[in-house]
Amino acid sequence: MTRPGGEWRNWARTERVRPQRVEFPATAEAVQRAVRAAADRGLRVKAVGAGHSFTGIAAAPGVLLDLTDLSGLVAIDRERARVTLRAGTRLHRIPALLAPYGLAMPNLGDIDRQSISGAISTGTHGTGARFGGLATQVVGVTLVTGDGELLRVDEQENAELLPAAALGLGALGVLVEVTLQCVPAFLLHATERPEPLDSVLADLPARVEASDHFEFYWLPHTDVALTKTDERLPESARRHPLAAPGRWVEETLLSNVVFGALCGMGRAVPAVVPAISRLGARTIGDREYTDRSARVLTQRRGVRFREMEYALPADRVCPAFEAVRALIDEHGWRISFPVEVRFAAADSLWMSTAHDRRTGYIAVHRYWREDPAEYFAAVETVMLAHGGRPHWGKMHTLDAAALRERYPRFDDFVAVRDRLDPTRIFGNAYLERVLG
């Protein structure tokens, strides 16, 4: 978001910058003009979606292109179940755009406030061992390159660039259109319940394989895992959605209003955090319902937080999780936010955290008014020891030298960057650190 006075801040309040210029392009041609004008003035350009990255990946000290107005449906290919969207389209608006055509995105993350371009460019993902991140749904993009030209990348044009451009970190150009491979609309039957943490960990690989979508949250200072198992059903199946009052109580009152107040209390009096967590483990979860896929996969997050997430080989999730659990006990930290565990299929995108390996994700969070540095640094050490790759849009400390060792196609990606943005007009401090 851009505040009065010209300061841009991200949602988590971890990054802020005062751009020299802010533009709101509504067309690809307007993006081209902005990029060429910036180049003439020797300024760098960054496109911004909803500001939901926790890192400085979108920070724009030069020209900030706010893509809010570059939004909406461009085209539908009914025969191939494909949709082309303008790059600034918010994820939460896409289900309504697809519904008249009986289509849905194959998978979503648990937050849907991001723009489609921001989500794919940072490696946003959901959960499900047979489903990749959102960028794996991309079958084509149109972007404005460093010289201000439009470049189409899909199976017919510049196909060799698609594994780079589908998850491009904002380093290759400004996305103006994204083409997604969709699926027939479907329902999800969701089962959410608190369970003994040790039992969940003991049976974790089997549960992940047996479910279409499985994840769990662990509330530190408890022995409880809040599990969520989703099974896919055809759209013709009968819906049993949550009743509106109950959904409001669970997802707005308890999960946001009350939880936010408790986080504030925990910051003021850390000693009460374990008791608050134990109360939360007893009051949240334990429900079953069937609804449209987007309504089940996503949820509203009203409490501001900071997050670090690492992608691990799937078979390293349990030992890494146990190490994090031991860290919290050993250091005596009072952690009010849950630890989240999700899964994804391997893919072939060059900069994907799931590149060439079945992947599990461990995410740690802290309330935004608390300093996450010590906790995150210790957890990061554990993740790196287990072969972790950091989420591009979430907090981490790695640089290009460390990341090159973790991405087999790292240098291939940099070579594409050299081709499409040789002057680094789309660079910023974060990209300099992670790409060199």
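Further up the page is the structure itself.
Within any chain, residue numbers begin from 1 and follow the written order of that chain's sequence. The model is predicted, so local features are restricted to residues of pLDDT at least 70 and side-chain atom pairs to those at 80 or more, both for listing and for counting; the totals for chains, interfaces and linings are taken over all residues. Only heavy atoms go into the side-chain values, all of them from the structure, while hydrogens and water stay out.

### With respect to the side chain of K228
The helix count covers DSSP runs of H or I at least four residues long, the strand count covers runs of E at least two residues long, and both are numbered beginning at the N terminus. As for its position among the elements, K228 is in strand β15 (residues 224-234). Throughout, exposure labels follow a simple rule: accessible area from a 1.4 Å probe, protein chains only, divided by the maximum for the residue type, with under 20% read as buried, over 50% as exposed, and the rest as partly exposed. In this tally Asp and Glu are treated as negative and Lys and Arg as positive; neither His nor the chain ends contributes. When a carboxyl oxygen of Asp or Glu lies within 4 Å of a side-chain nitrogen of Lys or Arg, that pair is called a salt bridge. Despite its burial, K228 pairs with no opposite charge, the nearest such side chain being D230 at 4.0 Å. Within the local environment of K228, its side chain forms a polar contact with the backbone oxygen of V296, the two atoms lying 2.4 Å apart. Residue contacts for K228: discarding those within four places in its chain leaves T191, E192, H213, F214, E215, Y289, V296 and L297. By the criterion applied in these results, polar contacts are pairs of N or O atoms within 3.5 Å in which, for protein atoms, one can donate a hydrogen and the other can accept it, and in which residues neighboring in sequence qualify only through two side-chain atoms. Throughout, a contact is declared for two residues whenever any of their heavy atoms are within 4.5 Å.

### Details of the pairing of strand β17 (residues 305-313)
Within β17, nine of the nine residues are buried, which leaves the element mostly enclosed by the surrounding structure. Note on pairing: two strands pair once DSSP finds at least 2 bridges between them. Relative to strand β19 (residues 359-367), β17 is paired through nine bridges, and the arrangement is antiparallel. The residue of β19 that forms the bridge with P313 is T359.

### Things to note about the sheet that holds strand β5 (residues 63-66)
Spatially, the three strands line up as an open sheet ordered β3-β5-β4, and their pairing is parallel. If you trace the sheet from one side to the other, it starts and ends with β3 (21-23) and β4 (45-48), each paired once. Neighbour to neighbour, the strand axes of the sheet diverge by 25° on average, direction disregarded. Pairing analysis gives four bridges linking β4 to β5, with the strands arranged parallel. Bridging across to β5, V45 finds its partner in V63. Comment: axis = line fitted to C-alpha atoms, over the contacting stretch for helices; angle = value between 0 and 180 degrees taken between N-to-C directions. Where helix α1 (residues 28-41) meets the sheet, its contacts fall on β3, β4 and β5, and the angle it forms with β5 comes to roughly 175°.

### Considerations on the side chain of H365
With respect to the helices and strands, the residue H365 is situated in strand β19. Only 3.3 Å separates the side chain of H365 from the side chain of E307, close enough to count as a polar contact. Separated by 2.9 Å, the side chain of H365 and the backbone oxygen of P338 make a polar contact. Beyond its immediate chain neighbours, meaning those up to four positions away, H365 contacts F305, R306, E307, I335, F337, P338, E340, Y375 and F376.

### As for unusual backbone geometry
Even without being a glycine, H221 presents a positive backbone phi close to 75°. With respect to the helices and strands, H221 occurs in the loop between β14 (213-218) and β15. Within the chain, D356 stands out as a residue other than glycine whose phi angle is a positive 65°. Along the chain, D356 falls in the loop between β18 (339-344) and β19. Judged by relative accessible area, which is 62%, D356 ranks as exposed.

### Brief notes about the pairing of strand β10 (residues 150-154)
By the bridge criterion, five bridges tie strand β9 (residues 138-144) to β10 in an arrangement that is antiparallel. In the strand pairing of β10, L143 is matched with L151. Linkage of β9 to β10, two consecutive antiparallel strands, is achieved through a turn of five residues, within which G148 is found at a positive phi near 85°.

### Considerations on the packing of helix α10 (residues 317-331) against helix α11 (residues 373-385)
Where α10 meets α11, the axes come as close as 10 Å, and the angle between the chain directions of the two elements is 145°. The element α10 and its partner α11 pack so that their crossing is right-handed. Counted together, A320, A323, V324, L327, I328 and H331 of α10 and E374, Y375, A378, V379, V382 and M383 of α11 form the full contact between these two elements. Tallied by class, the residues present in the contact of α10 with α11 amount to ten nonpolar, one polar and one charged. Handedness of a crossing is defined here by the sense of rotation of the near helix relative to the far one, left-handed for an anticlockwise turn of less than a right angle and right-handed for a clockwise turn. Polarity classes work like this: nonpolar for Ala, Val, Leu, Ile, Met, Phe, Trp, Tyr, Cys and Pro, charged for Asp, Glu, Lys and Arg, and polar for all others, with Gly in that last group.

### Brief notes about helix α13 (residues 410-420)
Burial in α13 covers these residues: F410, F413, V414, V416, R417 and L420. Across the axial projection of α13, the buried residues extend over an arc of 155°, all falling on one side. Contact partners of the buried residues in α13: β9, β10, α4 (162-165), α12 (400-404) and α14 (429-435). Arc, as used here, means the arc of the directions from the helix axis to the C-beta atoms.

Limitation: the analysis is restricted to geometry and does not speak to function.
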